[in-house]
Amino acid sequence: MNVITRCYLEITNICNLNCIFCPKTERRKSSLTMQEYELLTDRLQGKIRFLYFHLMGEPLLHPLLPQFIEISRKKGFIPVITTNGTLLSKAKGVIDALPHKVQISVHSHEGNGKDNLEGYIHEVMQFAMEAASRGIVVVLRLWNKGGYDSKNDDIHRLLSQYIPSSSWSERYYGWKLAENIYLEYDGIFEWPDSNREEFAQDESFCYALRNQIGVLVDGTVVPCCLDHAGDIVLGNLFGQELEEILSSQRARDIYDGFSRHIAVEPLCRRCGYAAVNKRFRKK
(Lines give C-alpha, C1' and ligand atoms only; values in the text may rest on other atoms or scores of the structure.)
Protein backbone atom coordinates (compact mmCIF):
# COMPACT_ATOMS: atom_id res chain seq x y z
CA MET A 1 0.00 0.00 0.00
CA ASN A 2 1.05 3.60 -0.56
CA VAL A 3 2.26 5.63 2.42
CA ILE A 4 -0.56 7.85 3.74
CA THR A 5 0.56 11.38 4.57
CA ARG A 6 -1.11 11.72 7.95
CA CYS A 7 -2.93 9.77 10.60
CA TYR A 8 -4.93 11.49 13.33
CA LEU A 9 -4.41 9.23 16.34
CA GLU A 10 -6.75 9.98 19.24
CA ILE A 11 -4.66 9.19 22.32
CA THR A 12 -7.50 10.47 24.53
CA ASN A 13 -11.01 11.74 23.87
CA ILE A 14 -11.09 13.64 27.14
CA CYS A 15 -10.85 17.44 27.08
CA ASN A 16 -10.53 20.11 29.74
CA LEU A 17 -12.52 22.71 27.77
CA ASN A 18 -16.02 23.06 26.35
CA CYS A 19 -15.45 25.02 23.12
CA ILE A 20 -18.62 26.39 21.60
CA PHE A 21 -17.49 25.43 18.08
CA CYS A 22 -16.56 21.84 18.98
CA PRO A 23 -19.13 19.07 18.34
CA LYS A 24 -17.88 17.03 21.33
CA THR A 25 -18.33 13.26 21.38
CA GLU A 26 -20.70 10.94 23.20
CA ARG A 27 -18.28 8.04 22.97
CA ARG A 28 -17.04 6.49 26.20
CA LYS A 29 -14.26 8.58 27.71
CA SER A 30 -10.95 6.78 27.44
CA SER A 31 -7.19 7.16 26.99
CA LEU A 32 -4.67 4.85 25.35
CA THR A 33 -2.46 2.71 27.55
CA MET A 34 1.19 2.27 26.65
CA GLN A 35 0.48 -1.28 25.44
CA GLU A 36 -2.36 -0.06 23.23
CA TYR A 37 -0.25 2.76 21.84
CA GLU A 38 2.58 0.37 21.00
CA LEU A 39 0.18 -1.96 19.18
CA LEU A 40 -1.49 0.80 17.18
CA THR A 41 1.78 2.41 16.16
CA ASP A 42 3.25 -0.98 15.24
CA ARG A 43 0.35 -1.45 12.82
CA LEU A 44 0.76 2.05 11.41
CA GLN A 45 4.56 1.92 11.15
CA GLY A 46 5.90 2.34 7.63
CA LYS A 47 2.43 3.23 6.33
CA ILE A 48 1.99 6.72 7.78
CA ARG A 49 4.28 9.73 7.55
CA PHE A 50 2.89 12.34 9.97
CA LEU A 51 1.30 11.17 13.22
CA TYR A 52 -1.09 13.77 14.65
CA PHE A 53 -1.92 13.30 18.32
CA HIS A 54 -5.46 14.59 18.02
CA LEU A 55 -8.96 13.93 16.84
CA MET A 56 -11.17 14.62 19.82
CA GLY A 57 -9.71 15.36 23.25
CA GLU A 58 -6.77 17.39 24.57
CA PRO A 59 -3.50 15.44 24.14
CA LEU A 60 -1.68 17.36 26.87
CA LEU A 61 -4.01 15.71 29.38
CA HIS A 62 -2.34 12.37 28.64
CA PRO A 63 0.49 11.73 31.14
CA LEU A 64 2.37 9.54 28.64
CA LEU A 65 2.42 12.11 25.83
CA PRO A 66 6.20 12.77 25.98
CA GLN A 67 6.91 9.02 25.83
CA PHE A 68 4.42 8.64 22.97
CA ILE A 69 6.24 11.34 21.01
CA GLU A 70 9.64 9.73 21.54
CA ILE A 71 8.32 6.30 20.53
CA SER A 72 6.74 7.73 17.40
CA ARG A 73 10.04 9.28 16.30
CA LYS A 74 11.89 6.00 16.91
CA LYS A 75 9.33 4.21 14.73
CA GLY A 76 9.85 6.66 11.88
CA PHE A 77 6.77 8.88 12.28
CA ILE A 78 6.84 12.68 12.23
CA PRO A 79 4.89 13.63 15.38
CA VAL A 80 2.53 16.64 15.48
CA ILE A 81 0.57 17.92 18.50
CA THR A 82 -2.68 19.90 18.33
CA THR A 83 -3.64 21.56 21.61
CA ASN A 84 -5.93 24.25 23.00
CA GLY A 85 -2.92 25.77 24.73
CA THR A 86 -4.28 25.92 28.27
CA LEU A 87 -1.89 23.31 29.71
CA LEU A 88 1.35 24.46 28.14
CA SER A 89 2.94 25.44 31.43
CA LYS A 90 3.02 21.72 32.25
CA ALA A 91 4.41 20.74 28.85
CA LYS A 92 8.16 20.84 29.50
CA GLY A 93 8.39 17.14 28.81
CA VAL A 94 6.72 17.66 25.46
CA ILE A 95 9.42 20.10 24.35
CA ASP A 96 12.16 17.71 25.48
CA ALA A 97 10.53 14.92 23.44
CA LEU A 98 10.95 17.12 20.33
CA PRO A 99 7.76 16.80 18.30
CA HIS A 100 8.08 18.13 14.76
CA LYS A 101 5.26 20.65 15.20
CA VAL A 102 2.86 21.94 17.85
CA GLN A 103 -0.39 23.54 16.65
CA ILE A 104 -2.04 25.77 19.25
CA SER A 105 -5.71 26.66 18.70
CA VAL A 106 -5.66 30.13 20.22
CA HIS A 107 -9.25 30.66 19.06
CA SER A 108 -10.26 28.24 21.83
CA HIS A 109 -9.88 31.04 24.39
CA GLU A 110 -12.78 33.06 23.02
CA GLY A 111 -14.68 29.88 22.19
CA ASN A 112 -14.92 29.22 25.93
CA GLY A 113 -15.68 32.77 27.04
CA LYS A 114 -12.48 32.80 29.09
CA ASP A 115 -11.12 35.82 30.95
CA ASN A 116 -7.44 36.80 31.25
CA LEU A 117 -6.50 36.69 27.59
CA GLU A 118 -3.19 38.32 28.48
CA GLY A 119 -2.23 35.46 30.81
CA TYR A 120 -3.24 32.88 28.21
CA ILE A 121 -1.16 34.49 25.44
CA HIS A 122 1.77 34.86 27.84
CA GLU A 123 1.72 31.11 28.52
CA VAL A 124 1.36 30.36 24.79
CA MET A 125 4.25 32.60 23.80
CA GLN A 126 6.56 31.41 26.57
CA PHE A 127 6.05 27.90 25.28
CA ALA A 128 6.25 28.92 21.60
CA MET A 129 9.55 30.76 21.94
CA GLU A 130 11.21 27.98 23.92
CA ALA A 131 9.92 25.28 21.56
CA ALA A 132 10.97 27.26 18.48
CA SER A 133 14.47 27.68 19.90
CA ARG A 134 14.67 23.88 20.06
CA GLY A 135 13.73 23.54 16.39
CA ILE A 136 10.04 22.73 16.92
CA VAL A 137 7.61 24.40 14.52
CA VAL A 138 4.84 26.23 16.38
CA VAL A 139 1.64 27.24 14.59
CA LEU A 140 -0.77 29.59 16.37
CA ARG A 141 -4.16 28.95 14.82
CA LEU A 142 -7.03 31.42 14.50
CA TRP A 143 -9.56 29.19 12.79
CA ASN A 144 -12.43 31.46 13.66
CA LYS A 145 -12.98 33.88 10.77
CA GLY A 146 -16.71 34.46 10.43
CA GLY A 147 -17.46 33.73 14.07
CA TYR A 148 -15.90 33.87 17.58
CA ASP A 149 -13.22 36.21 16.25
CA SER A 150 -13.91 39.43 18.16
CA LYS A 151 -10.71 39.03 20.18
CA ASN A 152 -8.41 38.59 17.19
CA ASP A 153 -7.22 42.22 17.20
CA ASP A 154 -6.40 41.88 20.90
CA ILE A 155 -4.52 38.66 20.19
CA HIS A 156 -2.50 40.37 17.45
CA ARG A 157 -1.64 43.21 19.82
CA LEU A 158 -0.56 40.83 22.57
CA LEU A 159 1.53 38.72 20.20
CA SER A 160 3.33 41.84 18.99
CA GLN A 161 4.45 42.49 22.57
CA TYR A 162 6.56 39.32 22.34
CA ILE A 163 7.51 39.53 18.66
CA PRO A 164 7.14 43.05 17.14
CA SER A 165 4.68 43.00 14.24
CA SER A 166 7.18 45.02 12.19
CA SER A 167 9.24 41.83 11.88
CA TRP A 168 6.33 39.63 10.79
CA SER A 169 6.39 38.43 7.19
CA GLU A 170 3.09 37.81 5.43
CA ARG A 171 2.33 34.40 3.95
CA TYR A 172 -0.65 33.16 1.98
CA TYR A 173 -2.31 31.67 5.08
CA GLY A 174 -1.21 34.22 7.67
CA TRP A 175 2.13 35.39 9.04
CA LYS A 176 5.56 34.12 9.92
CA LEU A 177 6.24 35.79 13.24
CA ALA A 178 9.76 34.47 13.76
CA GLU A 179 11.89 31.45 12.94
CA ASN A 180 9.66 28.39 13.54
CA ILE A 181 6.68 30.47 14.79
CA TYR A 182 3.65 31.06 12.55
CA LEU A 183 0.18 32.60 12.84
CA GLU A 184 -2.41 30.83 10.69
CA TYR A 185 -5.94 31.89 9.75
CA ASP A 186 -8.92 29.87 8.58
CA GLY A 187 -12.69 30.20 8.56
CA ILE A 188 -15.11 28.70 11.03
CA PHE A 189 -16.87 25.63 9.63
CA GLU A 190 -19.65 23.19 10.42
CA TRP A 191 -18.52 19.74 11.46
CA PRO A 192 -20.12 16.79 9.67
CA ASP A 193 -23.31 15.75 11.44
CA SER A 194 -25.49 12.80 10.46
CA ASN A 195 -28.58 14.71 11.67
CA ARG A 196 -28.00 17.72 9.41
CA GLU A 197 -29.49 18.16 5.97
CA GLU A 198 -27.14 17.47 3.10
CA PHE A 199 -25.24 20.41 1.61
CA ALA A 200 -26.18 21.19 -1.97
CA GLN A 201 -23.14 20.71 -4.18
CA ASP A 202 -22.47 19.88 -7.79
CA GLU A 203 -19.31 17.91 -7.02
CA SER A 204 -17.53 16.53 -4.00
CA PHE A 205 -13.96 15.66 -3.25
CA CYS A 206 -11.98 14.90 -0.10
CA TYR A 207 -8.50 13.61 0.65
CA ALA A 208 -9.88 11.05 3.11
CA LEU A 209 -8.11 7.71 2.59
CA ARG A 210 -5.81 9.41 0.07
CA ASN A 211 -3.59 11.35 2.41
CA GLN A 212 -5.31 10.99 5.77
CA ILE A 213 -7.08 8.58 8.11
CA GLY A 214 -8.26 8.78 11.70
CA VAL A 215 -7.86 6.25 14.50
CA LEU A 216 -10.12 6.67 17.51
CA VAL A 217 -9.07 5.83 21.04
CA ASP A 218 -10.84 2.44 20.85
CA GLY A 219 -8.88 1.51 17.71
CA THR A 220 -11.68 2.30 15.25
CA VAL A 221 -10.38 3.49 11.88
CA VAL A 222 -12.35 6.31 10.24
CA PRO A 223 -11.69 8.09 6.93
CA CYS A 224 -10.77 11.52 8.29
CA CYS A 225 -10.15 13.70 11.33
CA LEU A 226 -13.68 15.16 11.31
CA ASP A 227 -15.52 11.89 11.98
CA HIS A 228 -15.66 12.75 15.68
CA ALA A 229 -18.47 10.33 16.48
CA GLY A 230 -17.02 7.36 14.65
CA ASP A 231 -19.94 7.18 12.20
CA ILE A 232 -17.94 5.68 9.31
CA VAL A 233 -16.38 2.57 10.79
CA LEU A 234 -13.90 0.96 8.42
CA GLY A 235 -12.38 -1.53 10.85
CA ASN A 236 -10.40 -1.70 14.07
CA LEU A 237 -6.62 -1.65 14.33
CA PHE A 238 -6.64 -3.61 17.58
CA GLY A 239 -7.81 -6.65 15.65
CA GLN A 240 -6.91 -5.96 12.02
CA GLU A 241 -3.98 -4.85 9.92
CA LEU A 242 -4.30 -1.46 8.20
CA GLU A 243 -4.04 -3.04 4.74
CA GLU A 244 -7.09 -5.20 5.45
CA ILE A 245 -9.08 -2.21 6.69
CA LEU A 246 -8.27 0.03 3.74
CA SER A 247 -9.03 -2.72 1.24
CA SER A 248 -12.53 -3.24 2.65
CA GLN A 249 -15.50 -2.62 0.36
CA ARG A 250 -16.63 0.44 2.30
CA ALA A 251 -13.18 2.04 2.18
CA ARG A 252 -12.81 1.33 -1.53
CA ASP A 253 -16.27 2.76 -2.25
CA ILE A 254 -15.35 6.00 -0.45
CA TYR A 255 -12.04 6.30 -2.29
CA ASP A 256 -13.51 5.47 -5.69
CA GLY A 257 -16.46 7.77 -5.08
CA PHE A 258 -14.25 10.79 -4.47
CA SER A 259 -12.25 9.83 -7.57
CA ARG A 260 -15.52 10.41 -9.44
CA HIS A 261 -16.24 13.58 -7.38
CA ILE A 262 -19.06 11.83 -5.53
CA ALA A 263 -19.53 11.56 -1.76
CA VAL A 264 -20.95 8.08 -1.28
CA GLU A 265 -21.26 8.32 2.51
CA PRO A 266 -24.21 10.32 3.92
CA LEU A 267 -21.92 11.85 6.57
CA CYS A 268 -19.59 13.21 3.88
CA ARG A 269 -22.54 14.93 2.20
CA ARG A 270 -23.17 16.69 5.49
CA CYS A 271 -19.61 17.99 5.98
CA GLY A 272 -19.39 21.76 6.11
CA TYR A 273 -15.60 21.74 6.05
CA ALA A 274 -15.45 20.39 2.52
CA ALA A 275 -18.79 21.41 1.04
CA VAL A 276 -19.43 24.97 2.15
CA ASN A 277 -15.85 26.18 2.05
CA LYS A 278 -15.06 24.32 -1.18
CA ARG A 279 -11.67 23.39 0.22
CA PHE A 280 -11.13 20.30 -1.86
CA ARG A 281 -11.51 20.79 -5.58
CA LYS A 282 -9.56 18.16 -7.46
CA LYS A 283 -8.15 19.58 -10.66
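All of these numbers come straight from a predicted model, not from anything done at the bench. (Residues numbered from 1 in each chain as written. Predicted model: local features only at pLDDT ≥ 70, side-chain atom pairs only at ≥ 80, totals over all residues. Heavy atoms only, no water.)

Draft legend 1. Representation of the overall build of the protein. Along its length, the protein carries nine helices and 11 strands. Here the protein has a C-alpha radius of gyration of 19 Å; the compact-globule value for 283 residues is 19 Å, and the two agree. Summarising its shape, the C-alpha atoms of the protein cover approximately 55 × 45 × 35 Å along the three principal directions. Burial analysis of the protein (283 residues in total) assigns 51% to the buried set. Taking the contacts inside the protein whose residues are at least 6 apart along the sequence as the reference set, 69% of them involve residues at least 24 apart. (Helix = DSSP H or I, 4+ residues; strand = E, 2+ residues; numbered from the N terminus. Rg over C-alpha atoms; globule rule 2.2 N^0.38 Å. Buried < 20%, exposed > 50% of the residue type's maximum accessible area, 1.4 Å probe, protein only. Contact = heavy atoms within 4.5 Å.)

Draft legend 2. Expanded view of the packing of helix α5 (residues 117–133) against helix α6 (residues 152–162). Look at α5 against α6: their axes get within 10 Å of each other, and the N-to-C directions meet at 45 degrees. With respect to each other, α5 and α6 are oriented oblique. For the crossing formed where α5 meets α6, the hand is right-handed. Seen from α5, the contacting residues are Leu117, Glu118, Ile121, His122, Met125, Gln126 and Met129; seen from α6, they are Asp154, Ile155, Arg157, Leu158, Leu159 and Tyr162. When its residues are assigned to classes, the contact of α5 with α6 shows eight nonpolar, two polar and three charged. (Axes fitted to C-alpha atoms, helices over the stretch in contact; angles between N-to-C directions. Parallel < 35°, antiparallel > 145°, perpendicular 65-115°, else oblique. Left-handed = near helix turned anticlockwise from the far one by under 90°. Nonpolar A, V, L, I, M, F, W, Y, C, P; charged D, E, K, R; others polar.)

Draft legend 3. Structural context of the nonpolar core. In this structure, Leu44, Phe53, Ile104, Leu140, Leu159 and Ile213 are the most contacted members of the largest nonpolar core, which totals 83 residues. Sort the elements by how many residues they give to this core and α5 lands first, with nine residues. With residues up to four places along the chain from it excluded, the contact list for Ile104 reads Thr83, Asn84, Gly85, Leu88, Tyr120, Val124, Phe127, Val138, Val139, Leu140 and Arg141. (Core = buried A, V, L, I, M, F, W, Y, C linked by side-chain atoms within 4.5 Å.)

Draft legend 4. View of the packing of aromatic side chains. The full count for this structure, using the stated rule, is 10 aromatic pairs. Look at Phe205 and Tyr207: their rings are 5.0 Å apart centre to centre, the planes differ by 90 degrees, and that puts the pair in the edge-to-face class. With a relative accessible area of 2%, Phe205 lands in the buried category. Under the relative-accessibility criterion, Tyr207 is labelled partly exposed at 32%. Among the aromatic residues, ring-to-ring pairing joins Tyr37, Phe53 and Phe68 into one connected group. (Phe/Tyr/Trp six-rings, centres within 6.5 Å; stacked < 30°, edge-to-face > 60°.)

Draft legend 5. Fine view of the side chain of His109. Checked against the element boundaries, His109 lands in helix α4 (residues 108–111). If we skip the residues at most four places from it in the chain, His109 touches Lys114, Asp115, Asn116, Leu117 and Tyr120.

Draft legend 6. Seen up close, the layout of surface pockets. Computed from the structure, the second largest pocket encloses a volume of approximately 300 Å³. Taken together, 13 residues make up the lining of the second largest pocket; nearest its centre are Met1, Asn2, Leu209, Leu246 and Tyr255. If you list the elements that add at least two residues to the lining of the second largest pocket, you get α7 (242–246) and α8 (249–259). Split into classes, the residues belonging to the lining of the second largest pocket amount to seven nonpolar, two polar and four charged. (1 Å grid on protein atoms, 1.4 Å probe; cavity = no way out; pocket = protein on both sides within 12 Å on 5 of 7 lines; lining within 4 Å. Points joined across faces, edges and corners; volume = space filled by probe spheres on them.)

Draft legend 7. Seen up close, the pattern of salt bridges. Evaluated as defined, the whole model comprises 15 salt bridges. In this structure, Lys75 and Glu38 form a salt bridge, with 2.8 Å as the shortest nitrogen-oxygen distance. Here Glu38 lies in helix α1 (residues 34–44) and Lys75 lies in the loop between α2 (65–74) and β3 (78–83), a separation of 37 residues in the sequence. Judged by its relative accessible area of 28%, Glu38 falls in the partly exposed class. One salt bridge connects Arg269 with Glu198, and the closest N-O pair in it is separated by 3.0 Å. A residue pair is termed long-range when its members are at least 10 positions apart, and Arg269 in the loop between α8 and α9 (272–275) and Glu198 in the loop between β8 (181–187) and β9 (212–215) qualify at 71 residues. The exposure class assigned to Arg269 is partly exposed, which follows from its relative accessible area of 24%. A relative accessible area of 39% means that Glu198 is categorised as partly exposed. Sharing partners across several salt bridges, the network here consists of Arg43, Lys47, Glu241 and Glu243. (Salt bridge = Lys/Arg side-chain N within 4 Å of Asp/Glu carboxyl O.)

Draft legend 8. Quick look at the pairing of β3. The element β3 is extensively covered by neighbouring structure, given that five of its six residues are classed as buried. Where strand β2 (residues 48–53) meets β3, four bridges bridge the pair, whose relative direction is parallel. Bridging from a neighbouring strand, Phe50 pairs with Ile78 of β3. Read as a crossover between parallel neighbours, the route from β2 over α2 to β3 is right-handed. As defined by bridge partners, β3 adjoins strand β4 (residues 101–105) across four bridges and the pair is classed as parallel. Looking across to β4, one finds that Thr82 is bridged to Gln103. What joins β3 to β4 is helix α3 (residues 92–97), and the crossover it makes is right-handed. (Pairing = 2+ DSSP bridges. Right-handed = clockwise from strand over helix to strand, strands pointing away.)

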